[in-house]
Amino acid sequence: MRRPGSGLLHALLVWTALLVGGCSDPEDPAARVRAFVSDVADSAQRRRWRDFREYVADDYRDGRGLDKDAALAVVTRYILANQRIHVLTRVAEIRVDGANGGASAIVYAAMAGQPMATAGDLARVTADVYRFEIRLDEGADGALQVVRGDWQAVPIADFLLGD
């Protein structure tokens, strides 16, 4: 699945995938973040690239200088170019801000062209693994949106043991 120069595309896809989501329990902010991450992975795997626009804040910027439109363009190209996308995530940390309904999270995501159900599957597939630090705030409709995201490629051991 790995192509020359595709590391950035993989990372941006996973990062943007973290932008898509929903909220299962409005009373538990940490559960909202976990549901958000789960829904994001599901949307990426289903290749539903059109969903991504509404879940990224209009004023989004990442540490590499990408704005919303640039990040969405990379994700769209990647999803259209890959027939199979499988994402496995691990939420390592959630910091909830009580005042504005927002949160910060550290999320590890592994992407592969083969299914992965558990972290143990990483031993049998070729996966790209990334660590994301994301900032989520509530949009006007109350849904979480990513307003900031930073990422880096990490070894599989970090997925298993990091943070």
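Above: the structure in question.
What counts, and where the lines are drawn
Residues numbered from 1 in each chain as written. Predicted model: local features only at pLDDT ≥ 70, side-chain atom pairs only at ≥ 80, totals over all residues. Heavy atoms only, no water. Helix = DSSP H or I, 4+ residues; strand = E, 2+ residues; numbered from the N terminus. Buried < 20%, exposed > 50% of the residue type's maximum accessible area, 1.4 Å probe, protein only. Contact = heavy atoms within 4.5 Å. Expected span 1.5 Å × (residues − 1). Polar contact = N/O pair within 3.5 Å; in protein donor to acceptor, adjacent residues only side chain to side chain. Pairing = 2+ DSSP bridges. Axes fitted to C-alpha atoms, helices over the stretch in contact; angles between N-to-C directions. Patch = residues over 30% accessible without salt bridge, like charges linked within 9 Å, V, L, I, M, F, W, Y side chains within 5 Å. Areas by Shrake-Rupley, 256 points an atom, 1.4 Å probe, with all protein chains shown as cover. Salt bridge = Lys/Arg side-chain N within 4 Å of Asp/Glu carboxyl O.

J.: Explain the overall build of the chain to me, please; I cannot follow it from the model alone.
T.: For the chain, the count of helices and strands is 4 helices and 5 strands. Going from N to C terminus, the chain has its helices and strands arranged as α-α-β-α-β-β-β-β-α. Taking all 163 residues of the chain together, the buried fraction comes to 50%. Sequence separation of at least 24 residues holds for 61% of the intrachain contacts in the chain that already meet a minimum separation of 6.

J.: Help me out: how do you make sense of helix α3 (residues 68–81) in this one?
T.: Within an α-helix, residues lying three or four positions from one another point in the same direction, as the helix has 3.6 residues per turn. The terminal C-alpha atoms of α3 lie 20 Å apart, and with 14 residues this matches the ideal 20 Å at 1.5 Å per residue to within 8%. Of all the residues in α3, the buried ones are Lys68, Ala71, Leu72, Val74, Val75, Thr76, Tyr78 and Ile79. With a side-chain oxygen lying 3.3 Å from the backbone nitrogen of aspartate 69, the N-terminal cap of α3 falls on aspartate 67.

J.: Hey, could you run me through helix α2 (residues 29–45) in this one?
T.: The terminal C-alpha atoms of α2, which comprises 17 residues, lie 25 Å apart, in line with the 24 Å expected from a rise of 1.5 Å per residue. Residues of α2 that are buried include every one of Ala31, Arg32, Val33, Ala35, Phe36, Val37, Val40, Ala41, Ser43 and Ala44, and no others. Of the residues flanking the start of α2, the one acting as N-cap is aspartate 28, its side-chain oxygen 3.2 Å from the backbone nitrogen of alanine 30. Two residues or fewer past α2, arginine 47 is found with a positive phi of approximately 60 degrees.

J.: What is the right way to read the sheet that holds strand β3 (residues 102–112) from this model?
T.: Consider a sheet: its strands pair through backbone hydrogen bonds, and that pairing is either parallel or antiparallel. Pairing is mixed in the open sheet, where 5 strands are placed in the order β1-β5-β4-β3-β2. The sheet terminates laterally at β1 (56–62) and β2 (86–97), the two strands that pair on one side only. On average, each strand axis in the sheet is tilted by 20 degrees relative to the strand beside it, whichever way the strands run. With respect to the sheet, α2 is in contact with β2, β3, β4 (127–138) and β5 (144–153), its orientation differing from that of β2 by roughly 155 degrees.

J.: Before we go on, may I ask you to explain the pairing of β3 in this structure?
T.: Successive residues of a regular strand alternate their side chains across the two faces of the sheet. Counting buried positions along β3 yields 11 of 11 residues, so the element is predominantly enclosed. Along β3, one buried face is formed by Gly102, Ser104, Ile106, Tyr108, Ala110 and Ala112 and the opposite face, lined by Ala103, Ala105, Val107, Ala109 and Met111, is buried too. Relative to β3, β2 runs antiparallel, the two being bridged by 11 bridges. Residue pairing in the sheet places glutamate 93 in a bridge with isoleucine 106 of β3. In this structure, β3 lies alongside β4, joined through 10 bridges in antiparallel fashion. Opposite tyrosine 108, over in β4, you have arginine 131 as the bridge partner.

J.: What's the story with a nonpolar patch on the surface in this structure? I'm lost.
T.: On the surface, a cluster of nonpolar side chains totalling about 300 Å² of accessible area is made up of Ile156, Leu160 and Leu161. As for its position among the elements, leucine 160 is in helix α4 (residues 156–161). Overall, leucine 160 belongs to the partly exposed group, its relative accessible area being 45%.

J.: So what exactly am I meant to see when it comes to the pairing of β4 here?
T.: Among the 12 residues that make up β4, 9 are buried, leaving the element largely enclosed by the rest of the structure. Pairing of β4 with β5 involves 9 bridges; the strand directions are antiparallel. Following the sheet pairing, arginine 131 is matched in β5 by glutamine 152. The antiparallel pairing of β4 with β5 creates a hairpin that spans 5 residues between the two strands, and glycine 142 there sits at a positive phi of about 90 degrees.

J.: Whenever I open this one, the pattern of salt bridges confuses me. Can you help?
T.: Oppositely charged side chains are able to pair whenever their charged atoms sit close together. Tallying each qualifying case throughout the model produces 10 salt bridges. When the shortest N-O distance is used, the salt bridge between aspartate 51 and arginine 48 registers 2.7 Å. Taking relative accessible area as the criterion, aspartate 51 reaches 19% and is therefore assigned buried. In this structure, arginine 135 engages aspartate 137 in a salt bridge whose closest nitrogen and oxygen atoms are separated by 2.5 Å. Within this structure, Asp97, Arg135 and Asp137 form a network of salt bridges that share partners.

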